[in-house]
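Tertiary structure, described
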Number of protein chains: 2
Amino acid sequence: MTTRIETLPALAEVFREHGYAGASLALISAATGLGKGSLYHLFPGGKAEMAACVLAEIDAWFETNLYRPLREQDPPEQAVSDMFDAVEGYFRSGRRVCLVGVLALGTSRDLFAEAVRGYFARWVAALADALRRAGHGEAASAALAEEVVAQIQGAIVLSRALDEPALFTRALATLRSRVATAAG
Amino acid sequence: MTTRIETLPALAEVFREHGYAGASLALISAATGLGKGSLYHLFPGGKAEMAACVLAEIDAWFETNLYRPLREQDPPEQAVSDMFDAVEGYFRSGRRVCLVGVLALGTSRDLFAEAVRGYFARWVAALADALRRAGHGEAASAALAEEVVAQIQGAIVLSRALDEPALFTRALATLRSRVATAAG
DNA sequence: CTAGCTTTGTACCGATCGGTACAGAGATGA
DNA sequence: TCATCTCTGTACCGATCGGTACAAAGCTAG
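Scope of this entry: the structure provided in the associated data block.

Rules of the game
Residues numbered from 1 in each chain as written. Chains lettered and ligands numbered in written order. Predicted model: local features only at pLDDT ≥ 70, side-chain atom pairs only at ≥ 80, totals over all residues. Heavy atoms only, no water. Least-squares fit on C-alpha atoms with pLDDT ≥ 70 in both. Contact = heavy atoms within 4.5 Å. Buried area = accessible area lost by both parts, 1.4 Å probe. Helix = DSSP H or I, 4+ residues; strand = E, 2+ residues; numbered from the N terminus. Nonpolar A, V, L, I, M, F, W, Y, C, P; charged D, E, K, R; others polar. Near = heavy atom within 4 Å. Axes fitted to C-alpha atoms, helices over the stretch in contact; angles between N-to-C directions. Parallel < 35°, antiparallel > 145°, perpendicular 65-115°, else oblique. Core = buried A, V, L, I, M, F, W, Y, C linked by side-chain atoms within 4.5 Å. Buried < 20%, exposed > 50% of the residue type's maximum accessible area, 1.4 Å probe, protein only. Polar contact = N/O pair within 3.5 Å; in protein donor to acceptor, adjacent residues only side chain to side chain.

A few words now on the relation of the copies chain A and chain B. Of the transformation placing chain A onto chain B, the axial shift is 0.0 Å and the rotation is 180°, giving an RMSD of 0.0 Å. Taken together, the rotation and translation describe the operation of a two-fold axis. Relative to the rotation axis, the closest C-alpha in chain A is found at Gly154(A), a distance of 1.9 Å. Most of the interface of chain A is mirrored in chain B, where 100% of its interface residues are also at the interface.

Counting residues at the interface gives 34 residues for chain A, matched by 34 residues for chain B. Between chain A and chain B, a total of about 3,100 Å² is buried, with carbon and sulfur atoms accounting for 61% of that surface. Elements with a minimum of two residues in the side of chain A that touches chain B: helix 1 (4-22), helix 6 (99-105), helix 7 (113-133), helix 8 (138-161) and helix 9 (165-182) of chain A. Among the residues forming the side of chain A that touches chain B, the class breakdown is 16 nonpolar, eight polar and ten charged.

Ser38(A), His41(A), Leu25(B), Lys36(B) and Tyr40(B) are the nearest of the 15 residues found near DNA strand D. What you see for DNA strand D is that sugar and phosphate hold 58% of its atoms within 4 Å of the protein. Elements with a contribution of two residues or more to the surface near DNA strand D: helix 3 (36-42) of chain A together with helix 2 (25-32) and helix 3 (36-42) of chain B. Classifying every residue of the surface near DNA strand D gives five nonpolar, seven polar and three charged.

Here the focus is the packing of helix 4 (residues 47-72) of chain A against helix 5 (residues 76-90) of chain A. Residues and elements named next belong to chain A. Contact geometry of helix 4 with helix 5 gives a least axis separation of 8 Å together with a crossing angle of 155°. By the angle between their axes, helix 4 is roughly antiparallel relative to helix 5. Contacts between helix 4 and helix 5 involve Ile 58, Trp 61, Phe 62, Leu 66, Pro 69 and Leu 70 on the former and, on the latter, Ala 79, Val 80, Met 83, Ala 86, Val 87 and Tyr 90.

Note on placement: Leu25(B) falls in helix 2. On a C-alpha basis, the gap between Leu25(B) and Gly35(B) in space is 9.1 Å, while along the polypeptide they are ten residues apart.

Moving on, we get to the nonpolar core. If you look at the biggest cluster of nonpolar residues, it comprises 135 residues, and the most contacted ones within it are Phe91(A), Trp123(A), Phe91(B) and Trp123(B). Apart from residues lying up to four places away in sequence, Trp123(A) is in contact with Phe62(A), Leu66(A), Tyr67(A), Met83(A), Val87(A), Phe91(A), Val149(A), Ile152(A) and Gln153(A).

What follows covers the protein's contact with DNA strand C. Around DNA strand C, 15 residues are found, and the nearest of them are Ser24(A), Leu25(A), Lys36(A), Tyr40(A) and His41(B). Per the 4 Å cut-off to the protein, sugar and phosphate atoms form 59% of the nearby atoms of DNA strand C. Tyr40(A) places a side-chain nitrogen or oxygen 2.7 Å from a phosphate oxygen of DNA strand C. One of the backbone N or O atoms of Gly35(B) is found 3.1 Å from a phosphate oxygen in DNA strand C. At the level of elements, helix 2 (25-32) and helix 3 of chain A together with helix 3 of chain B are the ones that each hand at least two residues to the surface near DNA strand C. Counting residues per element, the surface near DNA strand C draws most heavily on helix 3 of chain B, which supplies four residues. Residues that form the surface near DNA strand C fall into these classes: five nonpolar, seven polar and three charged.

What follows is the structure in structure tokens.
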């Protein structure tokens, strides 16, 4: 007996590695160790439901581990620093791709438009909130938050493309100090 | 009678929109208006050859319109500014996705690893060269160039995800002024 | 006009796609 | 022990995949 939740990490990896279109049921079956019967028992909606569940779990993880601390934790400077730690770990120093980013670039964006939009919108909003609490102006916080999230996504692309995980770590370090020195 | 070169823009759009795996011959056939017979006559190697040709053309375009000016044009500040103009136009203010970035995130990265690596490596190197000529230190130029290219890629992801093309334009403007004020 | 070439549409190939049907295995409660 | 319900492996569905074969169509040289 296997629960939905137990399969989500394996599912997420398949979607990350192969994208939504490329994640065939054969791959999913191999990754989870479950036959089609079990898969469709757990996810009657098929691939679409699997992807939606994975996105929901990712969103929940980020909400708990990033967004909420950014909004509520004190001091905000510490929350921002913790965010960078969490990001570094979550993306395995750039070796792991951002599934939401992958979906945003593909055609499947339309299928999961709301989830994809929400993920990034909340990230930017939560980070902007922390920056504001740290003394930045309203506009400056929003702009800097956007910049930081974009830089993280770009660093994933670039470090993958150059096959150079150190680039990701380096980019995060640079961002860290930029945010710190910009702090009023 | 159709030449390979004439089909490349349509091919590129299909790969951009659907990724390598998602670009089926049916889609390619519809986008180019060519039947399978013609496609395999022009590209005996099939999809792989089509994608390779598209990548080669992209690479050539960037070499001509971005990398070479960055390396050779004087003054370097103008070359950098021109690069931002070219990027803004090429990516249609964030509405158009970067095919090389898409490939870098997917499994197809392995198929085109060298092309993907070269594209970004040359971009970063050319930009770093211009920054150095503009008076930045060796290390600072390399770091800033990396940061700028990553930020561009991230801005594409973010502006697509939020369905907000203005974000891309805004990010480029910010980068512009950052590069200018950092200039020594 | 015809012979010979290039270009193209179409039919077809085996493989795989996402999804369904269903029988049987495994657990569960009485 | 037996009936019941949850779970799972397998066979199968039509559709589509990338790719091939090939004949007809269009062009060009003589």
